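# Results of the structural survey
For reference, the chains in residue letters:
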Amino acid sequence: MNDLDQCSPPPSYGARAGAALRRAAPALLAYAGVRALGVAVLAVWSAAAGKSAHTLLTARWDSLWYTRVAEFGYGWEVKLPDGSVHSNLAFFPLLPWLERLVSAVSPLSHADAGLVVSSFASLCAATGIFAVADHLYGRRAGICAVTLWAVLPVGIVQSMAYSESLFTALAAWSLYAVLTGRWVWAGVLASCAGLTRPVGAAVVAAIWVTAAVRRERSADRRMILGVVLAPLGAAGYVLWVGRRTGDGILGYLDVQAGWGNGFDFGYAFARFVGEKFTAFPAALAGAGLIIGVALVIWLYVAGVRARQPLPLLVYTGIVVALALCAAGYFGSKPRLLLPAFPLLLPLAVALARLRTSRSALVLAGVAAASAVYGAFWLNGSGPP
């Protein structure tokens, strides 16, 4: 027997993918269980309230705008009594493109296609979050990170025909690609994320900053290609909107201004919180908002102190800044923080150090509370 006889061929791509899925299986099962619980509680609550859970998940708020883009294309707008204009150009195109594709190859309506896309994307997001956490802290932390993302108070949005799940999937896998040196994939996924939500700029920034501070100064064609590809999705859509509106490069900002959105360094949000303290019942909500913002900041600082990799810190910092420091409808801010999954990594690491029974008990209790809150929230004001 010689050396060649002892060598075995490297595992195929299919074998590697299968092994990765088997490793992530507990996390995906936990995620699916939490989301199934949330939808079940929503169905029971909605039935008791005389509402349709299916309608709540597929045909309200932003999901309606995405469906209209998929059905009729861009150019639809609503003029409000105060003179402001809500244009569907504010909604990035990747989700409605996928809705149109799924509807074209299946008997599903565009609304139901959106629910299918979002459900599949949420599983991809859970797998991406697991991959990042497993790569950095091990399998147990990966399982805890995915479950924590599932049990967030506004986790029900992950089961809606919204773009948060799709964006988080693309962002998580792009960041994983950066962490593992797959620059071209990172750029392609970042470009797709940029076609999904405006906050795709956070993924682009994570790639650019990481590439800029690399110690190796030798030319890396794959890295350069990834850096070039990353902003193409967002830049292409913003430029297209500017051309369509006739307002040039600032056209998309004008569209967002029509919705009352804009970056004001948190002034409007701070004023909104301050106004809560003018009456006693509202003061409790104001205190809750302050505690929530403090928790977000504390988790980010914990990530910095734990020396999270630079791309995660850049990405998370920008997502948090855009969520908290922008004007607009303030009830949407918890939803806008959903893609900031690296905030959960310090908690995931802490849970992973507990006994399995204890961490499971904690997560089960939070999952139950999240399911009830999601049903209450969606049957009430819900996400904008």
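The following paragraphs examine the structure supplied in this document. Every value quoted in this text rests on a predicted model; they were computed, and no experiment measured them.

### Topic: the environment of Ser122
Among the structural elements, Ser122 can be located in helix α6 (residues 110–137). With relative accessibility at 5%, the residue Ser122 sits in the buried group. Sequence-wise, Ser122 and Val314 are 192 residues apart; in three dimensions their C-alpha atoms are separated by 23 Å. Those residues in contact with Ser122 that lie beyond four places of it in its chain are Tyr31, Trp149, Gln158 and Ser165.

### A word on the side chain of Ser87
Take Ser87: it is sitting in strand β2 (residues 85–87). Polar side-chain contacts of Ser87 include one of 3.1 Å to the backbone nitrogen of Leu89. Beyond its immediate chain neighbours, meaning those up to four positions away, Ser87 contacts Trp65, Trp76, Glu77, Val255 and Trp259.

### Regarding the nonpolar core
With 102 residues, the main nonpolar core has Leu42, Trp149, Tyr237, Tyr315, Phe341 and Leu378 as its most contacted residues. Of the residues forming this core, the biggest block, 10 residues, is contributed by helix α8 (residues 164–179). If near-sequence neighbours (up to four positions away) are discounted, Trp149 is found in contact with Tyr31, Ser122, Ala125, Ala126, Ile129, Gln158, Ser165, Thr168, Leu338, Phe341 and Leu344.

### A look at helix α4 (residues 62–72)
Every buried residue belonging to α4 is among Asp62, Ser63, Trp65, Tyr66, Thr67, Val69 and Ala70, and all of these are buried. On its buried face, α4 is in contact with α3 (53–58), β1 (77–79), β2, α5 (94–104), α6 and α17 (333–336).

### What to know about the pattern of salt bridges
The final tally for this structure, using the stated rule, is five salt bridges. In this structure, Arg214 engages Asp220 in a salt bridge whose closest nitrogen and oxygen atoms are separated by 3.4 Å. A relative accessible area of 23% places Asp220 in the partly exposed class. The structure contains a network of salt bridges with shared partners spanning Asp62, Glu164, Arg197 and Arg335.

### Examining the packing of aromatic side chains
Evaluation of the coordinates by the stated rule reveals 17 aromatic pairs. Measuring from ring centre to ring centre gives 4.9 Å for Trp65 and Trp259, while their planes differ by 65°; the resulting arrangement is edge-to-face. Here the residue Trp65 occupies a position in helix α4, and Trp259 occupies one in the loop between α13 (251–258) and β3 (262–263), the gap between them amounting to 194 residues. Here Trp259 falls in the partly exposed class, since its relative accessible area comes to 22%.

So, how was this worked out
- Residues numbered from 1 in each chain as written.
- Predicted model: local features only at pLDDT ≥ 70, side-chain atom pairs only at ≥ 80, totals over all residues.
- Heavy atoms only, no water.
- Helix = DSSP H or I, 4+ residues; strand = E, 2+ residues; numbered from the N terminus.
- Buried < 20%, exposed > 50% of the residue type's maximum accessible area, 1.4 Å probe, protein only.
- Contact = heavy atoms within 4.5 Å.
- Polar contact = N/O pair within 3.5 Å; in protein donor to acceptor, adjacent residues only side chain to side chain.
- Core = buried A, V, L, I, M, F, W, Y, C linked by side-chain atoms within 4.5 Å.
- Salt bridge = Lys/Arg side-chain N within 4 Å of Asp/Glu carboxyl O.
- Phe/Tyr/Trp six-rings, centres within 6.5 Å; stacked < 30°, edge-to-face > 60°.

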